[in-house]
Amino acid sequence: MKVIVFPPNSMILADLVERNGHEALVIQQQIHKKVTTPDIDAPPLNITEDDPIEGLKYAAIEVPSGVRGRMAIFGPLIEEADAAIIMQDAPYGFGCVGCARTNELTLFTMRHKNMPILELQFPKSRDETVDAVYKISTFLSDLKEEEEKTKQEE
């Protein structure tokens, strides 16, 4: 299954997802597409003409352009996702904190999509970390079982 993680650039969460046999949907994939596309003259500083239009799909015209620009990247990941892992209250170094409003809109959009979501508080001790990894692994294992059941039924 395709699992989106939040913060969307968390290599730690992405690694856990991939180690458990799923595809991690992270911002690095979208940025890679942007900077290796011939449409962009001087990556990563430029955007294509279509990016602001894509952002309007997820955020109203009155929303600041930075939010729309970020949603043009995050939105397609959310659409593609089969499940999500959200780490709440992560410290600044853990993931993307470029825009609080974008984070709020991203979380809102993720929570309102009909998909399994695991929400955890960022661990503050070794025991909490072990517990968080266990919960993530269990969640991903359950997704794998659900996916296999669905394949068998088809």
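(A) Local environment of the nonpolar core. Grouped together as the largest cluster of nonpolar side chains are 20 residues, with contacts concentrated most on V3, V17, I85, I136, F139, L140 and L143. Of all the secondary structure elements, the ones that give two or more residues to this core are β1 (2–6), α1 (11–19), β3 (83–88), β4 (117–121) and α6 (126–153). Sorting elements by how many residues they give to this core places α6 first, with five residues. Judged by nonpolar contacts, the second largest core, of eleven residues, contains I4, L25, A81 and M110.

(B) Examining the pairing of β1 more closely. The buried fraction of β1 amounts to four of the five residues, a majority that puts the element mostly inside the structure. Pairing between β1 and strand β2 (residues 23–25): three bridges, direction parallel. When the sheet's bridge partners are listed, I4 is paired in β2 with L25. Crossover handedness for the path β1 to α1 to β2: right-handed. In terms of strand pairing, β1 meets β3 through four bridges, oriented parallel. Bridging from a neighbouring strand, V5 pairs with I85 of β3.

(C) Structural view of the sheet that holds β1. Spatially, the four strands line up as an open sheet ordered β2-β1-β3-β4, and their pairing is parallel. Of all the strands in the sheet, just β2 and β4 have a single pairing partner and so form its edges. Strand-to-strand twist of the sheet, defined as the mean angle between neighbouring strand axes without regard to direction, takes the value 25°.

(D) Inspection of helix α4 (residues 65–80) at higher detail. Here α4 is 16 residues long and its end C-alpha atoms lie 23 Å apart, about the 22 Å a rise of 1.5 Å per residue gives. At A72, α4 shows its strongest bend, of approximately 35°, with the proline P76 following within four residues. Within α4, burial applies to V67, R68, M71, A72, I73, F74, G75, L77 and I78. Buried positions along α4 lie against β1, β2, α2 (27–35), α3 (50–56) and α5 (100–111).

(E) Up close: a negative patch on the surface. On the surface, D142, E145, E146 and E148 cluster together to form a negatively charged patch. In this fold, E146 is placed in helix α6.

(F) Structural detail: α6. Compared with an ideal rise of 1.5 Å per residue, which puts 28 residues at 40 Å, α6 spans 41 Å between its outermost C-alpha atoms and is within 8% of the ideal. Of all the positions in α6, only A132, I136, F139, L140 and L143 are classed as buried. Taken together, the buried residues of α6 touch β1, α1, β3 and β4.

What counts, and at which threshold
Residues numbered from 1 in each chain as written. Predicted model: local features only at pLDDT ≥ 70, side-chain atom pairs only at ≥ 80, totals over all residues. Heavy atoms only, no water. Core = buried A, V, L, I, M, F, W, Y, C linked by side-chain atoms within 4.5 Å. Buried < 20%, exposed > 50% of the residue type's maximum accessible area, 1.4 Å probe, protein only. Helix = DSSP H or I, 4+ residues; strand = E, 2+ residues; numbered from the N terminus. Pairing = 2+ DSSP bridges. Right-handed = clockwise from strand over helix to strand, strands pointing away. Axes fitted to C-alpha atoms, helices over the stretch in contact; angles between N-to-C directions. Expected span 1.5 Å × (residues − 1). Bend = angle between axes of the 7 residues up to and from the residue. Contact = heavy atoms within 4.5 Å. Patch = residues over 30% accessible without salt bridge, like charges linked within 9 Å, V, L, I, M, F, W, Y side chains within 5 Å. Areas by Shrake-Rupley, 256 points an atom, 1.4 Å probe, with all protein chains shown as cover. Salt bridge = Lys/Arg side-chain N within 4 Å of Asp/Glu carboxyl O. Lys, Arg positive; Asp, Glu negative; His and termini not counted. Charge placed at Lys NZ, Arg CZ, Asp CG, Glu CD.

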